[in-house]
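Here's the letter readout for the chains.
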Amino acid sequence: MISNLNLKLKPEKLSANLSKVVGSVTAEIFAESKRMMRNGIPVVNFAIGQPDFLPLPQILDATADYVKGGYVQYTESKGIIELRTAISEYYRVQVNPETQVVVTTGGKLGIFAAIWAVCNPGDNVIILDPSWVSYQSIVESLGCVPKFVRIGTDFSFNEDGLERLIDDRTKAVIVNSPCNPTGQIIPRQNLQKLYDFCIQHGLLLVSDEIYNEYVYPDNQFTSLAAIKNWEDNGVIVNGFSKTFAMTGYRVGYTITNELLSKEINKVMQLTASCAPIFSQYAAVTALKSIDEMRKKIQEVMFPRRHLMVKLSSELGLDLQPPQGAMYGWFMLPDSTDSAKWAAALLKEKAVSVTPGIGFGPHGESAFRICFAVPEDTIADGLTKISQFIQSFH
Ligand SMILES: Cc1ncc(COP(=O)(O)O)c(C=O)c1O
């Protein structure tokens, strides 16, 4: 009899692909530090990857004006043409904004859509290790397999090794420069080499350039757009979250060839429908303020990065100075279990960092801090980390 059946949903009924996606270590550390703060413990929070400053006032004003003006409907799934045009001008690329730029709901959905567009379940994607935690989850949630390639801090890779790793089910390579978590920037010649490799093997190169405006003195960023014929096998992903401190607006974008743009647009149609309209108009205002924003990044982030590098050296912390992005990537003694280490640091010193293992197998024995926080927080946190390291080992 039907009434005797236990129809309660069981874990084995859930999607195997989605079940593989474990809660990110970043989220766990963040939740624990929130719990500590609710209990009145002041936590130095280095774990969350977002700027601590607000968007420029004119962006906030424009947002309020658009909302009050009733700009609250759907837009075309690929975004308003004013924004797509402004994006192609900002990137200085010879692309057709009508057919080659898609506005996505954050850069994350842009990456998702690009991978979705080229992968069938069972295919695999090359992820440079260490890399942003979400790439692995995106690939796995689509029923595909992440293949990690250990890279040098200068993104050098062994071509033979990479060739051995790929097979006829390899569809894409994801590169992120400036890199979250290492802060390193791929030199132009290595980007060219990676793109040539993708062309040679018919792979899509996904270039996640979300930190392209965070580049520190004496370093230079090369966009995929600088590589000849880049759009044949390449897609640029970027957004407004980091450059303009607009994380909650949920506006990102992809730039690529028409064929792939059409597929990415399909993902927009069947998921978010479109990015929020007032966010898209605010993003147009943001791009008009890019010079002011660059100045702000210089004024706020350059001294923080300088302080982090200087203090780390004084305190004997093993940091490779970041060339870009907003992260410090610190090495711990070999075979340190980074998740256990970070949990102990949080418990003992109330400092929250992200364990390196969250960024791929090669991330073990390392941790990441986000230095988009006030200078006194950087000083306080690094001092506590150094004390903890001395007592831990
Ligand atoms: C490397 C990298 N790519 C993409 C994103 C996605 O940003 P958003 O979806 O907010 O545009 C992030 C956010 O943390 C990131 O670190």
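Residues numbered from 1 in each chain as written. Predicted model: local features only at pLDDT ≥ 70, side-chain atom pairs only at ≥ 80, totals over all residues.

Caption draft 1: Fine view of the sheet that holds strand S9 (residues 318-319). Here 4 strands make up an open sheet; going across it, the order is S9-S10-S13-S12 and the pairing antiparallel. Only two strands of the sheet have a single neighbouring strand rather than two, namely S9 and strand S12 (354-355). Where S12 lies against strand S13 (residues 366-370), 2 bridges are found, and the strand directions are antiparallel. Residue pairing in the sheet places Pro 355 in a bridge with Phe 367 of S13. (Pairing = 2+ DSSP bridges. Helix = DSSP H or I, 4+ residues; strand = E, 2+ residues; numbered from the N terminus.)

Caption draft 2: Here's a closer look at the site of the ligand. Close to the ligand lie 13 residues, the nearest being Gly 106, Gly 107, Lys 108, Gly 239 and Ser 241. By residue class, the composition of the shell around the ligand is 2 nonpolar, 9 polar and 2 charged. (Near = placed C-beta within 6 Å. Nonpolar A, V, L, I, M, F, W, Y, C, P; charged D, E, K, R; others polar.)

Caption draft 3: Representation of the nonpolar core. Ala 114, Ile 115 and Leu 205 are the most contacted members of the largest nonpolar core, which has 71 residues in total. The greatest single-element share of this core, amounting to 8 residues, is contributed by helix H5 (residues 107-118). When near neighbours in sequence (up to four residues on either side) are disregarded, Ala 114 contacts Leu 204, Val 206, Val 235, Val 237, Thr 254 and Ile 264. (Core = buried A, V, L, I, M, F, W, Y, C linked by C-beta atoms within 7 Å. Buried ≥ 20, exposed ≤ 12 C-beta atoms within 10 Å, placed from the backbone. Contact = placed C-beta atoms within 7 Å.)

Caption draft 4: Inspection of the domain arrangement of the protein chain at higher detail. Domain annotation of the protein chain identifies domain 1 (16-54 + 292-392) and domain 2 (57-289). For domain 1 and domain 2, the distance between their C-alpha centres works out to 24 Å. Counting residues at the interface gives 35 residues for domain 1 and 37 residues for domain 2. Of all the secondary-structure elements, those providing two or more residues to the side of domain 1 that touches domain 2 are helix H1 (16-19), helix H12 (290-315) and strand S10 (327-331). Counting residues per element, the side of domain 1 that touches domain 2 draws most heavily on H12, at 7 residues. Taken together, the residues that form the side of domain 1 that touches domain 2 break down as 16 nonpolar, 14 polar and 5 charged. (Domains from an automatic or database assignment.)

Caption draft 5: Expanded view of the sheet that holds strand S4 (residues 145-150). The strand order across the open sheet formed by 7 strands is S2-S8-S7-S6-S5-S3-S4, and the pairing between neighbours is mixed. Looking along the sheet, the strands with just one partner apiece sit at the ends: strand S2 (101-104) and S4. Taken pair by pair, the neighbouring strands of this sheet meet at an average axis angle of 25°, ignoring direction. In the packing of helix H8 (residues 188-201) onto the sheet, contacts are made with strand S5 (170-176), strand S6 (204-208) and strand S7 (234-239), and the angle to S6 comes to roughly 150°. (Axes fitted to C-alpha atoms, helices over the stretch in contact; angles between N-to-C directions.)

Caption draft 6: Region of interest: helix H6 (residues 133-141). Where H6 is concerned, the buried positions are Val 133, Tyr 135, Gln 136, Ile 138 and Val 139. In the stretch just after H6, Gly 143 is the one whose phi turns positive, near 75°.

Caption draft 7: Expanded view of the packing of H5 against helix H10 (residues 258-270). Interhelical geometry of H5 versus H10 gives an angle of 115° and a closest axis separation of 9 Å. The handedness of the crossing between H5 and H10 is right-handed. Contact with H5, carried on its side by Phe 112, Ala 113, Ala 114, Trp 116 and Ala 117, involves Leu 260, Glu 263, Ile 264, Val 267 and Met 268 of H10 and no other residues of that element. The class makeup of the residues in the contact of H5 with H10 is 9 nonpolar, no polar and 1 charged. (Left-handed = near helix turned anticlockwise from the far one by under 90°.)

Caption draft 8: Broad picture of unusual backbone geometry. Note the cis peptide between Ser 177 and Pro 178, where omega equals -10°. Summarising the element assignment, Pro 178 is placed in the loop between S5 and H8. With omega at 25°, the peptide bond leading from Asn 180 into Pro 181 counts as cis. Tracing the backbone shows Pro 181 in the loop between S5 and H8. With phi around 55°, Ala 245 is a residue other than glycine that occupies positive phi space. Tracing the backbone shows Ala 245 in the loop between S7 and strand S8 (252-255). Look at Ala 245 and you get buried, because 23 C-beta atoms sit within 10 Å. You will see that Arg 250, though not glycine, has its phi angle at about 60°, which is positive. Exposure remark for Arg 250: the 20 C-beta atoms within 10 Å place this residue in the buried category.

Caption draft 9: Highlighting the environment of Ile 369. Within the secondary structure layout, Ile 369 lies in strand S13. For Ile 369, a count of 27 C-beta atoms within 10 Å gives the class buried. Taking the C-alpha atoms as reference points, Ile 369 and Pro 187, separated by 182 residues in sequence, lie 23 Å from one another. Once residues lying within four places of it in the same chain are set aside, the contact partners of Ile 369 are Phe 46, Tyr 327, Gly 328 and Val 353.

Caption draft 10: Representation of helix H3 (residues 57-68) in the model. The end-to-end C-alpha distance of H3, which contains 12 residues, comes to 16 Å, matching closely the 16 Å that a straight helix rising 1.5 Å per residue would cover. Within the sequence span of H3, burial applies to Ile 59, Ala 62, Thr 63 and Tyr 66. The buried residues of H3 occupy an angular sector of 105° when projected down its axis, which confines them to one face. The outward face of H3, more than 90 degrees from its buried face, is lined by the exposed residues Pro 57, Ala 64 and Lys 68. Check the buried side of H3 and you find it contacts helix H11 (277-288). (Expected span 1.5 Å × (residues − 1). Arc of directions from axis to C-beta.)

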